[in-house]
Amino acid sequence: MSEGVAAGSTPGASDGEQPGDGRRVRVVLVDDHRMFRTGVRAEIGRTELTGVEVVGEAPDVDQAVTVINATRPEVVLLDVHLPGGGGVEVLRRCAPLMGAVENPVRFLALSVSDAAEDVIGVIRGGARGYVTKTITGTDLVASVFRVQEGDAVFSPRLAGFVLDAFASTDAPPVDEDLDRLTQREREVLRLIARGYAYKEIAKQLFISVKTVESHVSAVLRKLQLSNRHELTRWATARRLV
Amino acid sequence: MPAAPPRAAATSSSRASAPEEPPARKLYRSADGRLLGGVARGLAGHLGLPVIWVRMVFLILFFTQGLGALLYAVFWIVVPLGVGGTAAEPRSVFETSPDGRRRLRKPDKGQIFALIALVISAATFIGSVSLGRSQADRYIWPVLLIGVGVVLVWRQADNARRARWAEVGRSRRAFQLARGVAGVALVGLGLAVFMVVRGSAAQFGNVLTGAIAVMAGVALLAGPWLVRMTQDLSEERLMRIRAQERAEVAAHVHDSVLHTLTLIQRNADEAGEVRRLARAQERELRAWLYRPEGTGKDGEDEPSTLAEAVKRTAAEVEDYHGVPIEVVVVGDCPLDEKLAAQIQAAREAMVNAAKYGGEGGAVQVFAEVEGRTVFVSVRDRGPGFDLDAVPADRMGVRESIIGRMQRNGGSARLSAAPGGGTEVELEMERAE
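Note that the structure is a prediction, hence the values are computed from the model and not measured. (Residues numbered from 1 in each chain as written. Chains lettered and ligands numbered in written order. Predicted model: local features only at pLDDT ≥ 70, side-chain atom pairs only at ≥ 80, totals over all residues. Heavy atoms only, no water.)

(A) Representation of the interface of chain A and chain B within the structure. At the junction of the two partners, chain A supplies 21 residues and chain B supplies 20 residues. Between chain A and chain B, the buried area comes to about 1700 Å², and carbon and sulfur atoms account for 47% of it. Looking at the side of chain A facing chain B, the largest losses of area belong to Arg190(A), Arg194(A) and Glu200(A), adding up to 33% of the total buried there. Inspection of the chain A/chain B interface yields 7 salt bridges. Close ionic contact of Arg190(A) with Glu370(B) constitutes a salt bridge, the shortest N to O distance being 3.4 Å. Across the contact surface, chain A and chain B share 11 residue pairs in polar contact (both at pLDDT 80 or more). (Contact = heavy atoms within 4.5 Å. Buried area = accessible area lost by both parts, 1.4 Å probe. Salt bridge = Lys/Arg side-chain N within 4 Å of Asp/Glu carboxyl O. Polar contact = N/O pair within 3.5 Å; in protein donor to acceptor, adjacent residues only side chain to side chain.)

(B) Focus on helix H10 (residues 306–321) of chain B. Residues and elements named next belong to chain B. Here H10 is 16 residues long and its end C-alpha atoms lie 22 Å apart, about the 22 Å a rise of 1.5 Å per residue gives. Within the span of H10, buried status applies to Leu-306, Ala-307, Ala-309, Val-310, Thr-313, Ala-314, Ala-315, Val-317 and Glu-318. Check the buried side of H10 and you find it contacts helix H9 (271–290), strand S5 (325–330), helix H11 (337–356), strand S6 (363–370) and strand S7 (373–380). Gly-322, located one to two residues past H10, shows a positive phi value of around 70°. (Helix = DSSP H or I, 4+ residues; strand = E, 2+ residues; numbered from the N terminus. Expected span 1.5 Å × (residues − 1). Buried < 20%, exposed > 50% of the residue type's maximum accessible area, 1.4 Å probe, protein only.)

(C) Fine view of the UniProt feature "transmembrane region" (unreviewed entry) in chain B. Residue and element names in this part refer to chain B. Within this structure's numbering, the places UniProt gives as "transmembrane region" (unreviewed entry) are residues 43–63, 69–88, 112–133, 139–157, 177–197 and 203–227. For residues 177–197, helix accounts for 100% and strand for 0%, while the C-alpha atoms at its two ends are 30 Å apart. Regarding residues 203–227, the helix share stands at 96% and the strand share at 0%, and the terminal C-alpha atoms are separated by 35 Å. (UniProt positions renumbered as here; feature names shortened; annotations may be inferred.)

(D) Up close: the packing of helix H3 (residues 51–63) of chain B against helix H4 (residues 67–78) of chain B. All names here are of chain B. H4 packs onto H3 with a crossing angle of 125° between their chain directions and a minimal axis gap of 5 Å. In terms of orientation, H3 lies oblique with respect to H4. Contacts between H3 and H4 involve Phe-58, Leu-61 and Phe-62 from the first element and Leu-67, Gly-68, Ala-69, Leu-71, Tyr-72 and Phe-75 from the second. Looking at the contact of H3 with H4 residue by residue, the classes come out as 8 nonpolar, 1 polar and no charged. (Axes fitted to C-alpha atoms, helices over the stretch in contact; angles between N-to-C directions. Parallel < 35°, antiparallel > 145°, perpendicular 65-115°, else oblique. Nonpolar A, V, L, I, M, F, W, Y, C, P; charged D, E, K, R; others polar.)

(E) Focus on the confidence of the model for chain A. All names here are of chain A. Chain-level statistics for chain A give a pLDDT mean of 77 and a share of 77% at 70 or above. Taken as a whole, residues 1–20 scores under 50 in pLDDT and shows 44 contacts with residues more than four places along the chain or in a different chain. Counting interchain partners and residues more than four positions distant, the pLDDT-below-50 stretch residues 169–175 has 3 contacts. (pLDDT = per-residue confidence, 0-100.)

(F) Here's a closer look at the nonpolar core. Counting 55 residues, the largest nonpolar core has Ile68(A), Val90(A), Phe107(A), Phe154(A) and Ile201(A) as the members making the most contacts within it. Not counting chain neighbours up to four residues away, the residues in contact with Phe154(A) comprise Ala159(A), Val162(A), Leu189(A), Ile192(A), Tyr198(A), Val216(A), Val219(A) and Leu220(A). Core analysis: the second largest hydrophobic core is formed by 32 residues, Val327(B), Leu339(B), Ile343(B) and Ala367(B) among them. (Core = buried A, V, L, I, M, F, W, Y, C linked by side-chain atoms within 4.5 Å.)

(G) Spatial organisation of the packing of aromatic side chains. The full count for this structure, using the stated rule, is 2 aromatic pairs over all chains. Look at Phe58(B) and Tyr72(B): their rings are 5.1 Å apart centre to centre, the planes differ by 75°, and that puts the pair in the edge-to-face class. Residue Phe58(B) is located in helix H3, and its partner Tyr72(B) is located in helix H4; the two are separated by 14 residues in the primary sequence. One residue, Arg379(B), lies across the ring of Tyr196(A), its end atom 4.5 Å from the ring centre. (Phe/Tyr/Trp six-rings, centres within 6.5 Å; stacked < 30°, edge-to-face > 60°. Lys NZ or Arg CZ within 6 Å of the ring centre and 35° of its normal.)

(H) Molecular detail of a nonpolar patch on the surface. Taken together, the side chains of Leu47(B), Leu49(B), Ile52(B), Trp53(B), Met56(B) and Ile60(B) present a nonpolar region at the surface, about 600 Å² in accessible area. Looking at which element gives the most residues to the nonpolar patch, the answer is H3(B), with 4 residues. (Patch = residues over 30% accessible without salt bridge, like charges linked within 9 Å, V, L, I, M, F, W, Y side chains within 5 Å. Areas by Shrake-Rupley, 256 points an atom, 1.4 Å probe, with all protein chains shown as cover.)

(I) The arrangement of the sheet that holds strand S6 (residues 153–154) of chain A in detail. Residues and elements named next belong to chain A. With parallel pairing, 6 strands are arranged side by side in an open sheet as S2-S1-S3-S4-S5-S6. The outermost strands of the open sheet, each flanked by one partner alone, are strand S2 (52–58) and S6. Bridge count for strand S5 (residues 129–132) against S6 is 2 bridges, and the pairing is parallel. Looking across to S6, one finds that Gly-129 is bridged to Val-153. Sheet strands in contact with helix H7 (residues 137–148) are strand S1 (25–30), S2, strand S3 (75–78), strand S4 (106–111), S5 and S6, and its direction is about 150° off that of S4. (Pairing = 2+ DSSP bridges.)

(J) Quick look at the side chain of Glu200(A). Mapping Glu200(A) onto the fold places it in helix H10 (residues 198–205). The class for Glu200(A) is buried, based on a relative accessible area of 7%. Here the side chain of Glu200(A) touches Arg379(B) through a polar contact of 3.4 Å, side chain to side chain.

(K) Representation of the pattern of salt bridges. Evaluated as defined, the whole model comprises 21 salt bridges over all chains. Measuring nitrogen to oxygen at the nearest pair gives 3.9 Å for the salt bridge that ties Arg93(A) to Glu89(A). In this pair, Arg93(A) and Glu89(A) are both assigned in helix H4 (residues 86–93), 4 residues apart and thus about one turn of the helix distant. Arg93(A) sits in the partly exposed class, given a relative accessible area of 35%. For Arg190(A), the salt bridge is made with Glu368(B), and the minimal N-O distance between the two is 2.7 Å. Highlighted residues: Arg190(A) in helix H9 (residues 183–193) and Glu368(B) in strand S6, drawn from two different chains. Judged by relative accessible area, which is 6%, Glu368(B) ranks as buried.

Shown next as structure tokens:
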């Protein structure tokens, strides 16, 4: 329940195959199911192998905020449904940490729910990515590192939701909101939704992986539009909220 | 006159205490077309007699020491208001003429006759009473006043009960309020006259003060208890609703989740079977939890939209072949014949992907409706295959996928997905 620090953070060299090449990422797990926390910790917490160091856990919003402030992790794995206000509330109360110039805390939503309102809600709250709990350990580690680098992690489902949100099914395409996603960004999202890896997208579109990443980041930024009012209207019109 | 015909569904499904089926010949007071409490109409319906006869009997009995009135009152109290009695067309004092104006309804002849008879008999009754005993004469008016007031208020209570069955309009409500107030005023007036007649009006002030004091005392004593009781009642209702919901969830969990867990325990050694069961159950529970109205169960009917059809198809293939299929659908549209063909082709592609490419991980299905174009992609991360290398007599891909799409005016494309595996892309224009 409290912030148990992960054991064995020996500063040895790790396998060359893991994404960080010996880099370490400090992670806090926020989830109200202890079994799940334990499972994730067992899966990704073997620091020598994965490069992930679980520095804290929290079961609800209040403890999450405390633990995150105390440990200043690089990445928080955040459940969407939490007692005390949900993942969105944690994001709201940790907003200063996210915006910090040095060592910003980044959030990766990890949820069993794939309801559109949950997903879009946490992304809008500032989470850098969204993965469902069916993800494999390897993929989760890769996602953690990607988020830590400041990149966005889009699962196919998330990409689908975003496309759905921006797509106009009945309205004529004069909607100004539609301009928010460029043709290229949409192309990238579409390929993500089809299950392509970033590398595959790059190959398909004849662009570099970095470009793919910057497109995805741009989509994320557009989702977290600063103009809340406009965003609410936008989301309500599409029955996302 | 016909015996009670079945009434409109709205009324017959009311929360009458009687068993719903069959419409028992139980005595109810009639809520429709009644003059006072609906007793006569209800009795008439129950006995299969014309209403007017029953009314006449009551009227005649009325002259024997007011027995009719007493009987009527007892019926009114004991017999519940409900559906029954002989039919009466919904009647109101006003009628709406063709030009849209409301005016007084023209009374029909029978009605006028009955009214005249009533007035005459009442007059003779009063006359006979006042002729004989001058002592009783003084009380007749106050008693009549009180009687009318009581009748008004009681009918009001009936209506309050009826209002729970059928929502009553705002104007009706104001009218009812006025009627209740009038009833109370009449009773009060009657009592006052009674006191004046008895000559106790001199002490009226004292009596009034005393009465008010007693009522205030009762209110003070019983008020909190009454408030508490109403609160308890509403709380209890809330609890009951919650319990009901809980029971529903419990029932669903029992029906599906527990059964699946039992099956999983039994098949614990077969990883594939366990995975299949778990995924099927997850999907069902998810649909049940996150679907807007929680109607996950009655999904037996044919899907009517593309998104539904794609998900259903993927679920079926997933269940059958035990390979996880991840579905992403963007946009939606109603299913038409061409799209149904596309779904069929997609199913074939999914089956192929599950059979030959299932080892590489989940099969990914992506469907998008953009404008009039519907695009479906099915990809796997298996070894991939070469269409040209497939023997000409194998019809799976050529006929079921490519041929079917072309026959319906669409197109299909097979390609080796980058990074291994196969991807089938199906494109179709919607009909409209």
